[in-house]
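Chain by chain, the residues run as shown.
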Amino acid sequence: MSKRLAIISTHGSLDAAYPPLILATAAIAMDMEAAIFFTFYGLEIIKKGNADKLQVSPIANPAMPQPIRGISVPNIIGVLPGMTAVATGMMNGWMKKANVAKLSELLSMAQEMDVRIIACQMSMDVMGIKKEDLIDGIEVAGAAAFLEYASDDAIALSF
């Protein structure tokens, strides 16, 4: 079994932020190494004070459950004003009910457990993000540095 996990996080939505953090901390708990490479919109997850403000969009998300009294609601309802807030509140409620830590807590936990949190330098340049915009204690590196880590017998995942 590989003892290394390499995750690429490309999406900055609430529903896409949980899997990389949960899997990386689980890997560390299983005596594996873990690194998450945050690129493009994934950088939103590691911006200072941003983790608990992420949202989930019901638009173009066909898996998003939207039942009203047992009747399935068409996905087009997602474009109505306020539906992103409703979907975000619904997901946050599910996580709280299941005793899942908030994203900010998972980020802190990942850092305490020595998950390598790497911000993509090129994406930062493209999107005008500075290192001081990001949480403290992260690495900033290019794709080559992450690929070097991932090429050493790692399980590679992307979210």
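Heads up: the structure comes first, above all this text.
Residues numbered from 1 in each chain as written. Predicted model: local features only at pLDDT ≥ 70, side-chain atom pairs only at ≥ 80, totals over all residues. Heavy atoms only, no water.

Colleague: Account for the overall build of the chain, naming residues and giving values.
Modeller: Looking only at helices and strands, the chain has five helices and seven strands in total. The N-to-C order of helical and strand elements in the chain reads β-α-β-β-β-α-α-β-α-β-α-β. For the chain, the proportion of its 159 residues judged to be buried stands at 39%. Taking all contacts inside the chain whose residues are at least 6 apart in sequence as the whole, residues at least 24 apart take part in 76%. Surface summary for the chain: the accessible area is close to 8900 Å², and the carbon and sulfur share equals 60%. (Helix = DSSP H or I, 4+ residues; strand = E, 2+ residues; numbered from the N terminus. Buried < 20%, exposed > 50% of the residue type's maximum accessible area, 1.4 Å probe, protein only. Contact = heavy atoms within 4.5 Å. Areas by Shrake-Rupley, 256 points an atom, 1.4 Å probe, with all protein chains shown as cover.)

Colleague: Tell me what's going on with the packing of helix 1 (residues 14-29) against helix 3 (residues 103-112), and back it up with residues and numbers.
Modeller: Across the interface, helix 1 lies against helix 3 with an axial gap of 10 Å and an inter-helix angle of 30 degrees. The orientation of helix 1 with respect to helix 3, classified from their angle, is roughly parallel. In this structure, helix 1 meets helix 3 at a crossing whose hand is left-handed. Where helix 1 abuts helix 3, its residues Leu 14, Ala 17, Tyr 18, Leu 21, Ile 22 and Thr 25 lie against Leu 103, Leu 106, Leu 107, Met 109 and Ala 110. (Axes fitted to C-alpha atoms, helices over the stretch in contact; angles between N-to-C directions. Parallel < 35°, antiparallel > 145°, perpendicular 65-115°, else oblique. Left-handed = near helix turned anticlockwise from the far one by under 90°.)

Colleague: Please provide a residue-by-residue account of the sheet that holds strand 5 (residues 116-120), values included.
Modeller: Spatial strand order, 6-5-2-1-7: five strands in an open sheet with parallel pairing. In the strand order of this sheet, the two ends are held by strand 6 (139-141) and strand 7 (155-158), each with one partner. Across the sheet, the mean angle from the axis of one strand to that of its neighbour is 25 degrees, orientation sign disregarded. Sitting on the sheet, helix 5 (residues 143-150) is in contact with strand 1 (4-9), strand 2 (33-38), strand 5 and strand 6, with an inclination near 150 degrees to strand 1. (Pairing = 2+ DSSP bridges.)

Colleague: An account of the packing of aromatic side chains is requested, with residue identities and associated values reported.
Modeller: In total, this model carries one aromatic pair according to the counting rule given. Measuring from centroid to centroid gives 4.9 Å for Phe 37 and Phe 146, while their planes differ by 20 degrees, and the two rings are stacked. Note that Phe 37 is positioned in strand 2 and Phe 146 in helix 5, a separation of 109 residues in sequence. With relative accessibility at 4%, the residue Phe 146 sits in the buried group. (Phe/Tyr/Trp six-rings, centres within 6.5 Å; stacked < 30°, edge-to-face > 60°.)

Colleague: With reference to specific residues and values, describe the packing of helix 1 against helix 2 (residues 83-97).
Modeller: With their axes 10 Å apart at the nearest point, helix 1 and helix 2 run at an angle of 30 degrees to one another. One finds that helix 1 runs roughly parallel with respect to helix 2. Only Thr 88, Met 91, Asn 92 and Met 95 of helix 2 make contact with helix 1, whose side of the interface consists of Leu 14, Asp 15 and Tyr 18.

Colleague: Explain the environment of Lys 131 residue by residue, including any values.
Modeller: Inspection of the secondary structure puts Lys 131 in the loop between helix 4 (121-127) and strand 6. For the pair Lys 131 and Lys 47, spaced 84 residues apart in sequence, the C-alpha separation works out to 9.1 Å. Every residue in contact with Lys 131, bar those within four places of it in the chain, is listed here: Met 124, Ile 138 and Val 140.

Colleague: Mind laying out helix 3, listing which residues take part and the relevant values?
Modeller: Considered for burial, the residues of helix 3 that qualify are Leu 103, Leu 106, Leu 107 and Ala 110. Along the axis of helix 3, the buried residues cluster in a sector spanning 100 degrees; they form a single face. (Arc of directions from axis to C-beta.)

Colleague: Give a description of the pairing of strand 5 that names residues and reports values.
Modeller: Among the five residues of strand 5, four are classified as buried, and the element is accordingly described as predominantly covered. Two strands pair when backbone bridges link them, and strand 2 and strand 5 are joined in this way by four bridges, in the parallel orientation. Each residue of the ladder has a partner; that of Phe 38, found in strand 5, is Ala 119. Sheet topology places strand 5 next to strand 6; three bridges connect them, and they run parallel. When the sheet's bridge partners are listed, Ala 119 is paired in strand 6 with Val 140. Regarding topology, helix 4 serves as the crossover connection from strand 5 to the parallel strand 6, and that connection is right-handed. (Right-handed = clockwise from strand over helix to strand, strands pointing away.)

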